[in-house]
Amino acid sequence: MTLTLKKLLLLLLFPIISIAQSDKNACRTLLQINKLIQENHYKPKPIDDSLSVYVFDTFLKEIDPENRIFTEIEIKQLKKHQLNIDNFIVEKNCSFIEELYNSYNKAITRYKTSIESIRNEPFILSSSEFIEFSSKKFPHAKDEKELKHLLKKRLLFNVLRDISEVSTNKDSIIANFDAISKSSKERIFELYLCKFSALEISDDDFNTKFYNVFCSYFDPHTMYLSKSDKSSFLSGVSADNLSFGLNISMNEKEEIIVDEVV
């Protein structure tokens, strides 16, 4: 696809955005996106099981990239849609998106509840268990009990690591262990609860993520722009552009860091 055509597809998506923002109908928006792609893409792919599998698997990776939100049981329940998204589009039935959103909300609410529950339970700073590291992500927890257990292990590891990084003087840490451990525990739990806030998204933002995964099936340069994304895009190609802000992310310690000052 040429650069000219990429820009053309981006611009062609704008009429869809206006409709999507006015009636909040996720199915209507998705069907219009598909119609636009089928009519204007250089070489649109067919709407079949390949699309369904790609969209389902890619979207789950998008909303649960480390397999820490959903359980294996929940994934099995959601997999009933894995080969049916193409059929839903043909039948103009998009209720599965709402089901995905409800499942996601339930999962992240459980995430917050589990952290608060662990925080109020006895939190012994020692364990005979071990923790594994891998460059590949681990499978989903089998059930809610295992999910909470794994979360508690991660919290314990991060608290202990935070304590160890307070000072290079081991004797100083030992002498002030109670105060240091209490401070570290509070800090780590607050960081994890802060992560929950980042996971909590509106249905509009959730739908936008899904639309973009759907678009990416056809090629990596076809995308859906929300109303705010459209404004940002237009300001980016405008001759006048005045802005100020911060781009932030979370590091491996679950801390919020400033990546860039805009």
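Okay, so let's go over this structure. Here the structure is a predicted model, which means the values were calculated and not measured. (Residues numbered from 1 in each chain as written. Predicted model: local features only at pLDDT ≥ 70, side-chain atom pairs only at ≥ 80, totals over all residues. Heavy atoms only, no water.)

Some words on helix α4 (residues 49-63)
Here α4 contains 15 residues, and its C-alpha end-to-end distance of 21 Å stays within 8% of the 21 Å for a straight helix at 1.5 Å per residue. If you check which residues of α4 are buried, you get Leu51, Ser52, Val55, Phe56, Phe59, Leu60 and Ile63. Viewed along the axis of α4, the buried residues span an arc of 145°, placing them on a single side of the element. On its buried side, α4 packs onto α5 (72-78), α6 (85-91), α7 (95-120) and α11 (203-216). The distance from a side-chain oxygen at the start of α4 to the backbone nitrogen of Ser50 is 3.1 Å, and the residue carrying that oxygen is Asp48. (Helix = DSSP H or I, 4+ residues; strand = E, 2+ residues; numbered from the N terminus. Expected span 1.5 Å × (residues − 1). Buried < 20%, exposed > 50% of the residue type's maximum accessible area, 1.4 Å probe, protein only. Arc of directions from axis to C-beta. Contact = heavy atoms within 4.5 Å. Polar contact = N/O pair within 3.5 Å; in protein donor to acceptor, adjacent residues only side chain to side chain.)

Describing empty space enclosed by the protein
Going through the model one piece at a time under the given rule, you end up with three cavities of 30 Å³ or more. Empty space within the largest cavity amounts to approximately 60 Å³. Those elements that place two or more of their residues in the lining of the largest cavity are α8 (144-164) and α10 (177-199). Tallied by class, the residues present in the lining of the largest cavity amount to two nonpolar, one polar and six charged. Every residue lining the second largest cavity is listed: Arg68, Ile69, Ala107, Arg110, Tyr111, Ser114, Leu147, Lys148, Leu151 and Arg154. Going through the elements one at a time, α7 and α8 are the ones with two or more residues in the lining of the second largest cavity. Grouping the constituent residues of the lining of the second largest cavity by class yields five nonpolar, one polar and four charged. (1 Å grid on protein atoms, 1.4 Å probe; cavity = no way out; pocket = protein on both sides within 12 Å on 5 of 7 lines; lining within 4 Å. Points joined across faces, edges and corners; volume = space filled by probe spheres on them. Nonpolar A, V, L, I, M, F, W, Y, C, P; charged D, E, K, R; others polar.)

Quick notes on the state of the cysteines
Considering all chains together, one arrives at one disulfide under this definition. The side chain of Cys27 participates in a disulfide bridge whose partner is Cys94; the two sulfur atoms lie 2.3 Å from each other. In this structure, the disulfide formed by Cys27 and Cys94 twists by about 55° around the S-S bond and is classed as right-handed. Note that Cys27 is positioned in helix α3 (residues 26-40) and Cys94 in the loop between α6 and α7, a separation of 67 residues in sequence. Residue classification places Cys27 among the buried residues on the basis of a relative accessible area of 14%. (Disulfide = S-S within 2.5 Å.)

Regarding the pattern of salt bridges
Overall, the coordinates contain 13 salt bridges when judged by the stated rule. In this structure, Glu74 and Arg110 form a salt bridge, with 2.6 Å as the shortest nitrogen-oxygen distance. In this pair, Glu74 is assigned in helix α5 and Arg110 in helix α7, connecting sequence segments 36 residues apart. Comparing Glu74 with Arg110 shows no difference in burial state: the two are buried. As a salt-bridge pair, Glu186 and Arg119 come within 2.8 Å of each other at their nearest N and O atoms. In this pair, Glu186 sits in helix α10 while Arg119 sits in helix α7, placing the two residues 67 residues apart along the sequence. Residue class for Glu186 comes out partly exposed when judged on its relative accessible area of 36%. Salt bridges here are not isolated pairs; linked through shared partners, they connect Glu66, Arg68 and Lys195. (Salt bridge = Lys/Arg side-chain N within 4 Å of Asp/Glu carboxyl O.)

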